[in-house]
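Understanding the architecture of this molecule
Chain by chain, the residues run as shown.
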Amino acid sequence: MSRVGITPAPSARLLILQPTPFCNIDCDYCYLPDRNATQRMSMETVRLAAQRLLDDGLAGAELTVVWHAGEPLAVPVDYYRQAFEIVHRVLGPDSRVTHAIQTNATLIDPTWCELFKQHAVRIGVSIDGPAELHDLHRRTRRGRGTHARVMQGLQQLREHDIAFHAIAVVTRDTLAHADAFFDFFLDNGIHDVGCNFDEAEGKHAHSSLVGRETAHAAFLQRLLQRSIVSDGRVVVRELASAWQLVAEPLPQYAWRGRHWPDNAQVMPLALISVTWNGDFSTFSPELLGHRSDEFGDFILGNVTDGSYVEALQSQHMQRLWSAVSAGVEACERQCSYFAYCGGGAPANKWFENGDLASTETLYCRSMIQRPFDIVLDRLERERTAAAHIEGAYATGVCNLPGPEMA
Ligand code: SF4
C-alpha cells in the first residue's frame, strides 16, 4: 500500500507546469482566467516542483512533464534550456523524463525547432482544421484569424523533421463539416488528431454543443468511416481510445477496499498541476485557478512550503478527495460505461453540474459514451470494419495524450 492509500502504489503520470499564464492569442472558447498575465515560473519553482516529486516517491520510471496553461512558447527558448537542465538534474537519475508542449504554433521558428529536436520534445499543435473553421474562434487580440501563422509553424516543424500531433476544438460550426475537417488533416499528413469537443469550463461557461448531440453522433460516425477508408492515415484520439476500451477495459486499482477502473483524473497525485508561482493541485488540471465556495481555489499547497503528499492530509484536500470519490461511487452505481471510464472528469462535473459528486455531463457523453457506442456499433454491424479499425487504431492511440492535456 502506498502513502496515498492506493494499490498499486501510484506515481505521477503527468507533471503539468505553467511556465506563464500568458497567451499571445485570444481564442473565444478559452477557459483560462489569467491569460493576459505575463508572470513566469522561476527556475527555483521548476526545481522545487521536480524535487518534491522525487522526495515524495512519486517519480516513476517514466514521467511526462507537460508545459501548458497559457502559450508555452510565449517565454524565450533559453527558459526551456535552463528548465530542462534543472528537471534532468533532479529527476534524470530516477526517471526517464519526456517533455511535452501543447502550443498554438504561431511562434514556432528554427530556434524553437532546434530545442524540440535536441530534447525530443513531444509537440502537440492546437489547430481546428481548415482556415474557415479555425479562424472562427482562434484569433489574435485584434480579431484576426491565426490559421496562416499556424500553418507556417507546421511548415517549420516539417522542415526540421519534427513529429507532432494535433488537437482540435470541435464546436457546433465543425459538426456540419466532418469531411472538410478530416480532409484537412489527411491532406496535411497529420496522423494523430485529438478532438476536444467544446466544453463549458471556467470563463467559457456555455458549450456550443448543447442540444446538438444528434449532429455530434453523425460527425463521429463520419470521422470513423473516413478513417477506416483512409486505412488509418488519420487516427482520431477519441475513437482510438474507444477502440482500445472495447478490446480491453481499463485496468483496476484498489482504494479502501474498492476496486475501480484506472482514471488519472480521479486518483490523487496521478496528475499534478503547478502554476507559475508554485501553487499546486491535483485531479483535473482545469480546476486550478477557479474558485468555489466549498473548495476555495482548488489549490492544495505551494511547492515552496511543503510536499505533495503532505498536502493530501489537509482538511481541504480530504474534503476535495471525498467529493471526487463520491462522484466515482455515483458513476459506479448509475453508469453502464463505468468500466471504460472510471468516473470521468471532476472539472467537467464541477463546471457543468456544480457538483463534484455528480455523474453524467455533456463532456462524458461527447468524449466517452458516444465514441464508445459508435465504435462498438460499427464493430457489431461489420466484421470487416473490425479488421480495418484494428489496423488503423491499434497502433495509433499511444501517440496522443489524453484529453486532460487539451
Ligand atoms: S461516462 Fe460519465 S456518467 Fe459514466 S462513468 Fe464516466 S463520467 Fe460517470
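Residues numbered from 1 in each chain as written. Predicted model: local features only at pLDDT ≥ 70, side-chain atom pairs only at ≥ 80, totals over all residues. Heavy atoms only, no water.

1. So, the environment of Val234
Mapped onto the secondary structure, Val234 falls in the loop between α8 (213–229) and β8 (235–236). Owing to a relative accessible area of 1%, Val234 belongs among the buried residues under this scheme. (Helix = DSSP H or I, 4+ residues; strand = E, 2+ residues; numbered from the N terminus. Buried < 20%, exposed > 50% of the residue type's maximum accessible area, 1.4 Å probe, protein only.)

2. Observations regarding the packing of aromatic side chains
Under the defined criterion, the tally for this structure stands at 20 aromatic pairs. Between the aromatic rings of Trp67 and Phe84, the centroid separation amounts to 6.1 Å while the plane-to-plane angle is 50°, which identifies the pairing as tilted. On the criterion of sequence distance, the pair formed by Trp67 in strand β3 (residues 62–67) and Phe84 in helix α2 (residues 77–91) is long-range, its members being 17 residues apart. Phe84 shares its class with Trp67; the two are buried. Between Phe280 and Tyr308 the ring centres are 4.8 Å apart and the planes differ by 80°, which places this aromatic pair in the edge-to-face class. (Phe/Tyr/Trp six-rings, centres within 6.5 Å; stacked < 30°, edge-to-face > 60°.)

3. Looking at the pattern of salt bridges
Per the counting criterion, the structure on display carries 17 salt bridges. Residues Asp78 and Arg81 are paired through a salt bridge, measuring 3.3 Å at the closest nitrogen-oxygen approach. In this pair, Asp78 and Arg81 are both assigned in helix α2, three residues apart and thus about one turn of the helix distant. Judged by relative accessible area, Arg81 falls into the partly exposed class, the value being 29%. In this structure, Arg370 and Glu213 form a salt bridge, with 2.4 Å as the shortest nitrogen-oxygen distance. Linking Arg370 in helix α14 (residues 362–381) with Glu213 in helix α8, this pair joins segments that are 157 residues apart in sequence. When its relative accessible area of 21% is taken as the criterion, Glu213 is described as partly exposed. (Salt bridge = Lys/Arg side-chain N within 4 Å of Asp/Glu carboxyl O.)

4. Some details on unusual backbone geometry
In this structure, Asp161 takes a positive phi of about 60° despite not being glycine. The class for Asp161 is exposed, based on a relative accessible area of 64%. Unusually for a residue other than glycine, Phe298 sits at a positive phi of about 65°. You can see Phe298 is positioned in the loop between β12 (279–282) and β13 (301–302).

5. Points about helix α3 (residues 110–118)
Restricting attention to buried positions, one finds in α3 the residues Trp112, Cys113, Leu115 and Phe116. On an axial view of α3, the arc spanned by its buried residues comes to 160°, and they lie on one face. Taken together, the buried residues of α3 touch α2, β4 (96–103), β5 (122–126) and α5 (147–159). Backbone nitrogen of Thr111 and a side-chain oxygen of the N-cap are separated by 3.0 Å at the start of α3; the cap is Asp109. (Arc of directions from axis to C-beta. Contact = heavy atoms within 4.5 Å. Polar contact = N/O pair within 3.5 Å; in protein donor to acceptor, adjacent residues only side chain to side chain.)

6. Some words on the packing of α2 against α3
Two numbers describe how α2 lies on α3: the axes approach to 10 Å, and their chain directions differ by 15°. Considered as vectors, α2 and α3 are oriented roughly parallel to each other. The chirality of how α2 crosses α3 is left-handed. Here Val77, Tyr80, Arg81 and Phe84 of α2 come into contact with α3, specifically with Thr111, Trp112, Leu115 and Gln118. Counted by class, the contact of α2 with α3 contains five nonpolar, two polar and one charged residues. (Axes fitted to C-alpha atoms, helices over the stretch in contact; angles between N-to-C directions. Parallel < 35°, antiparallel > 145°, perpendicular 65-115°, else oblique. Left-handed = near helix turned anticlockwise from the far one by under 90°. Nonpolar A, V, L, I, M, F, W, Y, C, P; charged D, E, K, R; others polar.)

7. Thoughts on the sheet that holds strand β10 (residues 258–261)
An order of β1-β9-β10 is seen for the three strands of this open sheet, with the pairing classed as antiparallel. Two strands lie at the open edges of the sheet, namely β1 (6–7) and β10, each paired on one side alone. Where strand β9 (residues 252–255) and β10 come together, four bridges link them in antiparallel fashion. Across the sheet, Gln252 pairs through a bridge with Pro261, a residue of β10. Seen against the sheet, helix α11 (residues 315–334) touches β9 and β10 and runs at an angle of roughly 80° to β10. (Pairing = 2+ DSSP bridges.)

8. A look at the sheet that holds β3
Across the sheet, which stays open at both edges, the ten strands sit in the order β8-β7-β6-β5-β4-β3-β2-β11-β12-β13 with mixed pairing between neighbours. What marks the edges here is a single partner per strand, and that holds for β8 and β13. With four bridges joining them, strand β2 (residues 14–17) and strand β11 (residues 271–274) adopt parallel strand pairing. Each bridged residue has a counterpart across the sheet, and for Ile16 the counterpart in β11 is Ser273.

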